[in-house]
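Structure at a glance
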Amino acid sequence: DFFYSTSAKLYYSTTKQDKLAAIWTQAVYWDLAMDVYERNHKKSQLNFINDIYQGGYNQYDGYNWNNSTKWFIYDDMMWWIMALARAHEITGNQIYLQKAIEGFNHVWEGSYDKVDGGMFWDFKHSGKNACINYPTVIAAMRLYKITGDESYLTKAKSVYAWSRTNLFNSTNGRVADHKIKMDRPGYEDYTYNQGTAIGAAVMLYKVTHDANYIADARLAADYTMNNMCKDGILPAEGDYNEQGVLKAIFAQYIMQFIHASAQSPYLAWIQNNVNKGWQNRDTSRNLTYRNYSVSCPTGNIQS
């Protein structure tokens, strides 16, 4: 009602509805539409999933991965590739799978460091960020599940191993934001990086049954809960670039961990966050705010 453009079939960046949200966040909104469908299985919601695909198709040159104007960094592509693979799992649409495979191959060829391992986040290869490495693992695991192609599992293990060595504090579960050349990891706390690290570990655990993966997920969850939260509430994370989606990403993958490990303390923590956000919503619009430890502003807010 307040953020979706029925003409563009994508989301606006704010309630002003004057410009579309950032390209990578659209894939997260698409994920949220899939969450709703998996809960209610309504035909109208399935149509909505297909509508958002078409919106992205129209806006981003038919998901032409070679268009370096529409796509200007690799991690933006990988968020869509993850979502395309998931959309195929839900709908069975072969075009979604085809686009995901084409995109994954394109990013792998351009981003993967064949010498030192890991994925570069941008076309200039200036650094290797968590926002491309862990999503690559997730995309590869989804494609492996769909196709049974062992090469995806091999790639997922390889990128995860590099990430664990270079972007993960195996003592406390903190995920670094980036690694530039031979510099030390750049540690900046973001919930989406914690979330995709958890998701990557859980997906590998489900296939390999290697307990080390689920132990990593638990460490990352513990760090988020114990070190990044004030009074148990997840951080607001900046008033730019639709930053509320960072917690939407974290929510998706922390729930996968909870379901995989049956860890009830984490569930109560997440439920407390959900309840706090709803308690502090703008009741006239039923909108929550990226900083849901305070009352949602009644004026213009980001999606």
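Overview of the structure. (Residues numbered from 1 in each chain as written. Predicted model: local features only at pLDDT ≥ 70, side-chain atom pairs only at ≥ 80, totals over all residues. Heavy atoms only, no water.)

Some points on the overall build of the chain
The cut-off we apply is this: Per the convention used, a helix needs a DSSP run of H or I reaching at least four residues, while a strand needs a run of E reaching at least two, with both numbered from the N terminus. Both definitions apply: the radius of gyration is a C-alpha atom measure, and the globule rule equals 2.2 Å times residues to the power 0.38. Only protein chains enter the accessibility calculation, which uses a 1.4 Å probe; a residue whose area is less than 20% of its type maximum is buried, one above 50% is exposed, and one in between is partly exposed.
Each helix and strand counted, the chain has ten helices and four strands in total. Counting helices and strands in the order they occur from the N terminus, the chain gives β-β-α-α-α-α-β-α-α-β-α-α-α-α. Relative to the compact-globule value of 19 Å for 303 residues, the chain shows a C-alpha radius of gyration of 18 Å, a close match. Taken over the C-alpha atoms alone, the chain extends approximately 55 × 45 × 35 Å along its principal axes. Put simply, the chain has 303 residues, and 54% of those count as buried.

Quick notes on unusual backbone geometry
Positive phi, close to 60°, is recorded for glutamine 17, a residue that is not glycine. Secondary-structure assignment places glutamine 17 in the loop between strand S2 (10–11) and helix H1 (23–40).

Regarding the side chain of asparagine 133
Note the following rule: The definition of a polar contact used here is a pair of N or O atoms within 3.5 Å, where within protein one atom must be able to donate a hydrogen and the other to accept one, and adjacent residues in sequence count solely through side-chain atom pairs. Two residues qualify as a contact provided that any one of their heavy atoms is within 4.5 Å of a heavy atom in the partner residue.
Relative to the helices and strands, asparagine 133 resides in helix H5 (residues 130–147). Note on asparagine 133: relative accessible area 0%, which makes it buried. Of the polar contacts made by the side chain of asparagine 133, one reaches the backbone nitrogen of methionine 119; its length is 2.8 Å. Within polar-contact distance, the side chain of asparagine 133 engages the backbone oxygen of asparagine 129 at 2.9 Å. The residues contacting asparagine 133, other than those within four sequence positions of it, are Gly118, Met119, Lys128, Val159, Trp162, Ser163 and Leu167.

Focus: the packing of aromatic side chains
Inclusion rule: Any pair of Phe, Tyr and Trp rings, taking the six-membered ring for Trp, is counted once the centres come within 6.5 Å. Such a pair is stacked with planes under 30 degrees apart, edge-to-face with planes over 60 apart, and tilted for the rest.
Following the criterion strictly, the structure yields 27 aromatic pairs and no others. When the centroid spacing of 5.0 Å and the interplanar angle of 25° are considered together, the rings of tyrosine 53 and tyrosine 63 count as stacked. Of the two residues, tyrosine 53 sits in helix H2 (residues 43–59) while tyrosine 63 sits in the loop between H2 and helix H3 (74–91), which places them ten residues apart along the sequence. Tyrosine 63 carries the same exposure label as tyrosine 53, and that label is buried. Between tyrosine 63 and tryptophan 80, the ring centres sit 5.4 Å apart and the planes meet at 55°, which makes this aromatic pair tilted.

Some points on the nonpolar core
When a protein is soluble and globular, its nonpolar side chains tend to lie buried together. Applicable threshold: Put simply, buried Ala, Val, Leu, Ile, Met, Phe, Trp, Tyr and Cys residues joined by side-chain atoms within 4.5 Å make one nonpolar core.
Among the nonpolar cores identified, the biggest contains 97 residues, and Trp30, Trp80, Ile81, Phe104, Ile198, Ile254 and Phe257 are the most heavily contacted of them. If you tally residues by element for this core, the top one is H3, at twelve residues. Apart from residues no more than four positions distant in its own chain, phenylalanine 257 is found in contact with Ile198, Val202, Ile214, Ala217, Arg218, Ala221, Ala262, Gln263 and Tyr266.

A look at the pattern of salt bridges
To be explicit about the condition: The term salt bridge refers to a pairing of a side-chain nitrogen on Lys or Arg with a carboxyl oxygen on Asp or Glu at a separation within 4 Å.
Applying the stated criterion across every chain, the model contains ten salt bridges. With a closest N to O distance of 2.6 Å, arginine 86 and aspartate 35 form a salt bridge. Here arginine 86 is found in helix H3, whereas its partner aspartate 35 is found in helix H1, with 51 residues between them in sequence. A residue is classified by how much of its surface remains accessible, and aspartate 35, at 25% relative accessible area, is partly exposed.

Concerning the environment of cysteine 131
Relative to the elements of secondary structure, cysteine 131 occurs in helix H5. Assessed through its relative accessible area of 5%, cysteine 131 is described here as buried. Excluding residues within four positions of it along the chain, cysteine 131 makes contact with Asp75, Trp79, Tyr192 and Asn193.

Overview of the state of the cysteines
Rules: Pairs of cysteine sulfur atoms within 2.5 Å are identified as disulfides in what follows.
All chains considered together, the criterion is met by zero disulfides. The thiol sulfur of cysteine 229 is not disulfide-bonded, and the nearest other cysteine sulfur, from cysteine 296, lies at 20 Å. With a relative accessible area of 14%, cysteine 229 lands in the buried category. For cysteine 296, a relative accessible area of 7% gives the class buried.

A closer look at helix H7 (residues 191–208)
As a reminder, the rule being used: Helix span, expected: 1.5 Å multiplied by one less than the number of residues in the helix.
Its 18 residues place the ends of H7 26 Å apart at the C-alpha level, agreeing with the 26 Å of an ideal helix rising 1.5 Å per residue. Within H7, 14 of the 18 residues are buried, leaving the element largely enclosed by the surrounding structure. The first or second residue beyond H7 is histidine 209, which carries a positive phi of 60°.

With respect to the packing of H1 against helix H9 (residues 244–261)
Quick note on the threshold: Angles shown run from 0 to 180 degrees and are taken between the N-to-C directions of axes, each axis being a line fitted to C-alpha atoms and, for helices, limited to the stretch in contact. Oblique is the label for any angle not under 35 degrees, not over 145, and not in the 65 to 115 range, which are roughly parallel, roughly antiparallel and roughly perpendicular in turn. Should the near helix be turned counterclockwise from the far one by less than a right angle, the crossing is left-handed, whereas a clockwise turn marks it as right-handed. Residues are grouped as follows: Ala, Val, Leu, Ile, Met, Phe, Trp, Tyr, Cys and Pro are nonpolar; Asp, Glu, Lys and Arg are charged; every other residue, Gly included, is polar.
At a closest axis distance of 10 Å, the pairing of H1 and H9 adopts a crossing angle of 45°. With respect to H9, the axis of H1 lies oblique. Handedness of the crossing formed by H1 with H9: left-handed. Mapping the contact onto sequence places Trp24, Thr25, Val28, Tyr29, Asp31 and Leu32 in H1 and Val245, Leu246, Ala248, Ile249 and Gln252 in H9. Taken together, the residues that form the contact of H1 with H9 break down as eight nonpolar, two polar and one charged.

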